[in-house]
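Here is how the chains run, residue by residue.
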Amino acid sequence: MTFYLSGFRSFPKLWKSNPYFELGPATSSASFFLGVHCVIGNQQRWFSVKTTPPNSKILNLLVTKARTLKKGNDSNKQASSGPHYFAAGAAKKRSHLSGNPQNQGHTLPVKSTVQLPTKPLNSKEWDKLKEDFKGKASFEDFVISQMTRSCSSVDVAKSLLAWVAAKNNGIVGYNLLVKYLYLCVFHKQTSEVIDVYEIMKAKYKSLESGGYTLLIRGLIHSDRWREALLLLEDIKKVMVPSKKNYGDCIQGALLHQDVNVAWSLYQELVGHNLIPLLETLKAFFDHGKDMNDDQYSNQLLDILLYLRNNQLYPGESFAHSIKTWFESIPGRQWKGQFTTIQKSGQCSSCGRAIESIHLSPEEYEFLKETIMRDVIDGGDQYKKTTPQELKRFERFVKSCPPFDIVIDGLNVAKMFPKGRESQNLLSVVSQLAQQNLQLLVLGRKHMLRPSSQWRKDEMEQVRKQAHCFFADNISEDDPFLLYATLNSGSHCKFITKDLLRDHKACLPDVQAQRLFFKWQQGHQLAITKGFLKSKLTFQHILSYDTVVQTTGDTWHIPYDEDLVPRASCEVPTKWLCLQRKTPAPC
Ligand SMILES: [Zn+2]
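Each chain has its residues counted from 1, running along the sequence as written. The predicted nature of this model means local features are confined to residues of pLDDT at least 70 and side-chain atom pairs, given and counted, to a pLDDT of 80 or more, with totals for whole chains, interfaces and linings taken over all residues. With hydrogens and water excluded, all non-hydrogen atoms of the structure serve as input to the side-chain values.

Draft legend 1. Inspection of the overall build of the protein chain at higher detail. Secondary structure follows DSSP: runs of H or I at least 4 residues long count as helices, runs of E at least 2 residues long count as strands, and numbering of each begins at the N terminus. Along the protein chain, the regular secondary structure elements total 24 helices and 11 strands. Exposure is judged per residue with a 1.4 Å probe applied to protein chains only, and the accessible area is read against the type maximum: over 50% gives exposed, under 20% gives buried, and values in between give partly exposed. The burial tally for the protein chain puts 50% of its 586 residues in the buried class. In what follows, residue pairs with any heavy atoms lying within 4.5 Å of each other are defined as contacts. Contacts in the protein chain between residues far apart in sequence, at least 24 positions, make up 74% of those at least 6 positions apart. Total accessible area on the protein chain stands at roughly 28500 Å², and carbon and sulfur atoms take up 52% of it. All accessible-area figures derive from a Shrake-Rupley calculation using a 1.4 Å probe, and residue coverage is judged against the displayed protein chains alone.

Draft legend 2. Inspection of the sheet that holds strand β10 (residues 554-559) at higher detail. A pair of strands is considered paired only if DSSP assigns at least 2 bridges between the two. Strand order in the open sheet formed by four strands is β3-β11-β10-β9, with antiparallel pairing between adjacent strands. Each edge of the open sheet is held by one strand with a lone partner, namely β3 (334-339) and β9 (549-550). Here β3 runs beside strand β11 (residues 574-580); their pairing, made up of six bridges, is antiparallel. Directly across from Lys 335, in β11, lies its bridge partner Gln 579. Those strands touched by helix α16 (residues 316-328) are β3, β10 and β11, and its axis lies near 155° from that of β3. Axes here refer to lines fitted to C-alpha atoms; in helices the fit is confined to the stretch in contact. Angles between the N-to-C directions go from 0 to 180 degrees.

Draft legend 3. Structural detail: the pattern of salt bridges. Any carboxyl oxygen of Asp or Glu within 4 Å of a side-chain nitrogen of Lys or Arg constitutes a salt bridge here. Taken as a whole and judged by the stated rule, the model has 28 salt bridges. Residues Lys 167 and Glu 140 are paired through a salt bridge, measuring 3.7 Å at the closest nitrogen-oxygen approach. With a gap of 27 residues between them, Lys 167 in helix α7 (residues 154-167) and Glu 140 in helix α6 (residues 139-149) connect regions that are remote in the sequence. Overall, the relative accessible area of 39% leaves Lys 167 in the partly exposed class. For Glu 140, a relative accessible area of 14% corresponds to the buried category. Close ionic contact of Asp 472 with Lys 445 constitutes a salt bridge, the shortest N to O distance being 2.7 Å. You can see Asp 472 sitting in the loop between β6 (467-471) and α22 (478-488) and its partner Lys 445 sitting in the loop between β5 (439-444) and α21 (456-465), a full 27 residues away along the chain. The partly exposed category is assigned to Asp 472, whose relative accessible area is 26%. On the basis of relative accessibility, which here comes to 38%, the residue Lys 445 falls in the partly exposed class.

These figures come from the coordinates and say nothing about function on their own.
Below, the structure written as structure tokens:
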């Protein structure tokens, strides 16, 4: 009895970007099923296979290649000089400068006491390997886990399962089976996926979400893709499917030209308040370029507005898909250019002005009220600030004129490790005071106690040049900073290195979060280095809003470059400019 090992089907779009998609809950909840055994019975032949070793070589090569690429990306450093505070890659650069080992060590530590085979082993060879195994865990579970981690070839994993099945009267545990499935899905061996699917269907009434997720991902490439939709229904019986589950089913529907199913799944996904994966949205654009359908086109434009409302940015290849789709619309003559925006806020390609970073008076009032309510009075999140102290602060603010700049004193003092803290603070305050600005310095009471870092004379000079409020040492500064800045009006800026991410998260909805981020970009001042010796300079505040936008005849779409990592507090610097040469017929 021979087994046919299918060739490699290629669906590069779906797989190329994600060599390590997670095993998901399969790993964690698999133990629940460990006791349930899969009797393969008359399908025992399934695991007794003549495998095809040459493939494993190619696969290992590919995997190694993927890893090298990944490594390359990790160590990629941005060479651009002095990026904007919110510019993509700036946080990463800052973390490099401060020697923060963040984002390092992506590779999993492999504490293997077993040298993983690179080609299929026979029974004797597996027996020998097991004898040498010194670990505490079950040998089979340990080896299959290592195999999924290093993306071993399917034939090697299959020889393991065949060995286990032969020893246990054809019984292979769920854990082994699901990890084998993972490898089949990873290596896109669709016919193998279908075989595992049949076994699972025969043996289990239902699976856990990790198993479903893998089966869906594997099935959507086959003729039996509609069965992936049934698995999605099974998941829905116990939980809301993940955006990955929806994304896979949508991609399956699009691959098989069923756009109605794809859009209705998309509506369902968004209806659950899940943020779709960018690759799912990209798939709609990729599919759209072969169509000439107004309804479909309008749905794609809705996706662009969705990106706008949720402050999302397409990746580089997604931006290319958007460009290609626009340029493919018959009769509209859209032309796309990849470009940047000038400091003045004009598009370098078409010269049009990008939307201003400034909030409208209505937006400002809305944001101010929301922040006052949810972040400052919001209670639980800010137990570190007492209501009494907040009252004291409110009275203090009311007694002062509106401020021009609110300074996070402790943060500014620590911004430059070389100088004494009070000296740093005084230097910033004096230079700003010379410009006749109303200043507020927020500090802690301990700053008034003379110490090696805090000199009394320097703090006295600070107090002469700025309004100062010293909170209890245990208080959080941020609520005070936000309150004082917002209360002073939209001209008021603030200085802190802190990016206030926690506060953004406290806001009730995406609209408020988006306004907060926009306000922050327009009002947070960042000091550039070396101010003790030279004149105090701030990084340029962008005058325009980095967000997907349209005027009808134009679209401007910021996008992320593949090789530039961007922190959540940063915005992209590259744009896709789309303009229409001739107006559309009404
Ligand atoms: Zn433009």
